[in-house]
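# Observations on the model geometry
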Amino acid sequence: MSAAFGGPRGSGSKAPEKGVFPLDHFAECQKAARTYLACLEEHDQDASRCIDLSKAYLECRMQRDLMAQQDLKELGLTPVKPLGADKGPDSGNLR
């Protein structure tokens, strides 16, 4: 009968897989999430324009143990170069 209700009891729980984390039931990071989503809406879903807000949201979750502590670089959040940052001082001059 135990099989009909989810299998045998007593099997130990296992840690969640990477990318699986608790929901924010107490809305501790809701403001950061809404600000990030508004930024995405404002910038036509261009996440690179909202990277600082994305970092703030993830840091909020990590600080409140809603996800594992992890270097943001490992999550693909590296500093964004401003437009034209890779060009030298004379790159705009035609010769």
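This text goes with the structure placed above it.
Description of the structure in this document.

Quick notes on the rules
Residues numbered from 1 in each chain as written. Predicted model: local features only at pLDDT ≥ 70, side-chain atom pairs only at ≥ 80, totals over all residues. Heavy atoms only, no water. Helix = DSSP H or I, 4+ residues; strand = E, 2+ residues; numbered from the N terminus. Buried < 20%, exposed > 50% of the residue type's maximum accessible area, 1.4 Å probe, protein only. Contact = heavy atoms within 4.5 Å. Disulfide = S-S within 2.5 Å. Expected span 1.5 Å × (residues − 1). Arc of directions from axis to C-beta. Lys, Arg positive; Asp, Glu negative; His and termini not counted. Salt bridge = Lys/Arg side-chain N within 4 Å of Asp/Glu carboxyl O.

## Some points on the overall build of the protein
- In terms of helices and strands, the protein carries 2 helices and 0 strands.
- Looking at the protein as a whole, 21% of its 95 residues qualify as buried.
- Sequence separation of at least 24 residues holds for 44% of the intrachain contacts in the protein that already meet a minimum separation of 6.

## Focus: the state of the cysteines
- By the definition in use, this model includes 2 disulfides.
- Disulfide partner of cysteine 29: cysteine 60, at an S-S distance of 2.0 Å. Here the S-S torsion is close to -95°, and the disulfide linking cysteine 29 with cysteine 60 is therefore left-handed. Of this pair, cysteine 29 sits in the segment before α1 (30-42) while cysteine 60 sits in helix α2 (residues 51-63), and the two are 31 residues apart along the sequence.

## A few points about α1
- Compared with the 18 Å implied by 1.5 Å per residue over 13 residues, the 18 Å span of α1 between its first and last C-alpha is a close match.
- Listed in full, the buried residues belonging to α1 are Ala32, Ala33, Tyr36, Cys39 and Leu40. One side of α1 holds all its buried residues, which, seen down the axis, span an arc of 125°. In this structure, α1 carries Lys31, Arg34, Leu37, Glu41 and Glu42 as exposed residues pointing more than 90 degrees from its buried face.
- For α1, the elements touching its buried residues are α2.
- At the C-terminal side of α1, aspartate 44 shows a positive phi close to 55°.

## Overview of α2
- Over its 13 residues, α2 runs 18 Å from end to end, which matches the ideal 18 Å to within 8%, given 1.5 Å per residue.
- By the burial criterion, the buried members of α2 are Ile51, Ser54, Lys55, Leu58, Cys60, Arg61 and Met62.
- Buried positions along α2 lie against α1.
- Phi for aspartate 65, located one or two positions after α2, is positive at around 55°.

## Digging into the side chain of arginine 61
- Residue position: arginine 61 is located in helix α2.
- Buried and unpaired, arginine 61 has no salt bridge, with aspartate 24 as the nearest side chain of opposite charge at 4.9 Å.

## Topic: the pattern of salt bridges
- Per the stated rule, a full pass over the model turns up 1 salt bridge.
- Between arginine 64 and glutamate 28 there is a salt bridge, with the nearest N and O atoms lying 3.8 Å from each other. A residue pair is termed long-range when its members are at least 10 positions apart, and arginine 64 in the segment after α2 and glutamate 28 in the segment before α1 qualify at 36 residues.

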